[in-house]
Each structure stands twice: as structure tokens, then as C-alpha cells.
Amino acid sequence: MKFFSHLRTVCRHRNCVIKHCIKAGILKRGLLHDLSKFSPSEFLPGIQYYLGTRSPNEAEREEKGYSTAWMHHKGRNKHHFEYWTDYRPETKRIEPVKMPLIYVAEMFCDRVAASKIYQGDNYTDSHPIEYFLRGKPNRVIHPETSQFLERLLVMLSENGENETFAYLRHYIKNNDDY
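Notes on the structure follow.

The rules behind each value
Each chain has its residues counted from 1, following the order in which its sequence is written. Local features in this predicted model are restricted to residues of pLDDT 70 or higher, and side-chain atom pairs are both shown and tallied only at a pLDDT of 80 or more, whereas totals for entire chains, interfaces and linings draw on every residue. Hydrogens and water molecules were not included; the side-chain quantities draw on all heavy atoms of the structure. Any two cysteine sulfur atoms lying within 2.5 Å of each other are counted as a disulfide. Per-residue accessibility, obtained with a 1.4 Å probe over protein chains only, is compared with the maximum for each type, and a residue is labelled buried under 20%, exposed over 50%, and partly exposed between these values. Between 30 and 60 degrees the pair is tilted, below 30 it is stacked and above 60 it is edge-to-face, where a pair is any two Phe, Tyr or Trp rings, Trp via its six-membered ring, whose centres lie within 6.5 Å. Note on conventions: DSSP H or I runs of at least 4 residues are helices, E runs of at least 2 residues are strands, and numbering of each starts at the N terminus. Working rule: Lys NZ or Arg CZ, within 6 Å of ring centre, within 35 degrees of ring normal, means a charge sits over the ring.

### Some points on the state of the cysteines
Such a bond, covalent and formed between the sulfur atoms of two cysteines, is termed a disulfide. Taken as a whole, this structure holds 0 disulfides when the rule is applied. Of the cysteine sulfurs around Cys11, a residue in no disulfide, the closest is that of Cys16, at 13 Å. For the unlinked cysteine Cys16, the closest cysteine sulfur is that of Cys109, found at 9.2 Å. Cys16 sits in the buried class, given a relative accessible area of 13%.

Below, the structure is given as C-alpha cells:
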């Protein structure tokens with residue numbers, strides 16, 4: 001039963017991201033989105049820790065202290081800010097790197113879709129920004145990336161999906177950076 005429930009959740013989420021990517025004008029990113037979730041390294045823990053109300057990665061992390069599925073996922077998917085860290089010779093530390101615009105746009109689509117899937121009928125356009133703000137104090141993300149993503153999430157909350165995706169589509173078409 002968990003196999004089909006997890007498969008259904010992954011497919012529903014991915015389909016929702018694809019729809020959002022189409023609205024943002026980045027169809028290719030939508031079609032490539034989260035394909036690693038079907039690999040054994042991610043799919044099998046997803047079945048084992050399936051909850052239905054939140055990410056199985058959280059349950060795996062609670063049990064083990066880490067999530068093997070998440071570490072595999074974030075290392076292969078450029079729409080996660082956790083992918084964008086590198087060693088900085090000046091400080092001799094691993095630090096966040098500014099994400100390219102196309103991946104920030106995909107990350108926005110991903111966050112909105114995840115909120116819709118996990119909130120179900122309770123979803124509102126405020127859920128993605130509320131989730132973002134809850135984790136903000138502990139997030140290790142490049143400041144400019146964080147500011148741009150937050151701006152999009154606030155716009156979604158205040159102006160709705162149609163206006164926000166139209167803005168994002170126009171922004172991507174006319175800008176290389178943020």
C-alpha cells in the first residue's frame with residue numbers, strides 16, 4: 001500500500017511542478033524536475049518512511065539523524081539551494097553560492113507545488129511564504145537567492161498565482177539574473 005501511496009504523491013507533486021513550470025515559461029525544467037525521486041536511492045526510503053502528510057525525508061531524518069534520500073536528492077537537483085554550496089578559499093569554509101535564475105524559478109514552482117500537495121484542500125497562496133519564513137533563521141542560502149525567492153512568495157501571497165507566474169515568466173524572458 002505504501003508503494004502506491006508514495007508513487008501517487010511523487011507523481012502528483014511532479015505533475016503540479018510541471019504545470020507551474022509551464023506557467024513560468026520553463027517547460028524543460030518541469031519535465032526534468034525530480035526524476036531522481038524514481039531512483040532506488042530515493043524511492044525505496046520514500047516508501048519505507050511514507051507518511052502522506054509531510055516528506056518521508058523528515059521521518060527518515062527523525063529516525064536516523066539524517067536522510068540518505070535527501071542527501072542523494074539535493075546533490076542531483078539544481079533547484080535546491082542546498083546544491084549550491086562550495087568551498088570558498090578566502091574563508092576556508094563551505095558557503096552558499098548564488099543560484100542561477102532558472103533554478104530559482106524552478107525552486108519557486110517546487111515550493112508552491114509541495115504546499116499544494118501536502119496542504120490539500122487547506123492550501124492557500126499564503127502557505128508557501130509561511131513555510132519559507134518558519135525555516136528562514138536556520139537556512140544556509142545565498143542572501144540574494146533568499147531575497148528573490150521571498151519576493152516571489154510574498155507576491156504569490158498578496159497577488160495570487162496568475163499575477164505571480166505572469167511576472168516570473170516575463171522576468172525570466174527579460175533578465176539573465178536577479
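### Here's the deal with the packing of aromatic side chains
The geometry of two aromatic rings is summed up by the distance between their centres and the angle between their planes. Counting across every chain of the model gives 8 aromatic pairs. An angle of 35° between the planes, with centres 6.0 Å apart, marks the rings of Trp84 and Tyr103 as tilted. With Trp84 in the loop between α5 (68-74) and β1 (85-88) and Tyr103 in helix α6 (residues 101-119), the pair connects residues that are 19 residues apart, well separated along the chain. Here the two residues Trp84 and Tyr103 agree in accessibility, since each one is buried. Here the aromatic rings of Phe148 and Tyr171 are separated by 5.2 Å at their centres, their planes lie at 40°, and the arrangement is tilted. One end of the pair, Phe148, is in helix α8 (residues 143-159); the other, Tyr171, is in helix α9 (residues 161-174), with 23 residues separating them in the sequence. Using a relative accessible area of 2% as the deciding quantity, one classes Phe148 as buried. Residue classification places Tyr171 among the buried residues on the basis of a relative accessible area of 14%. In this arrangement the basic side chain of Lys98 is found over the ring face of Tyr178, its NZ or CZ atom lying 4.6 Å from the centre.

Nothing here speaks to function; it is all geometry.
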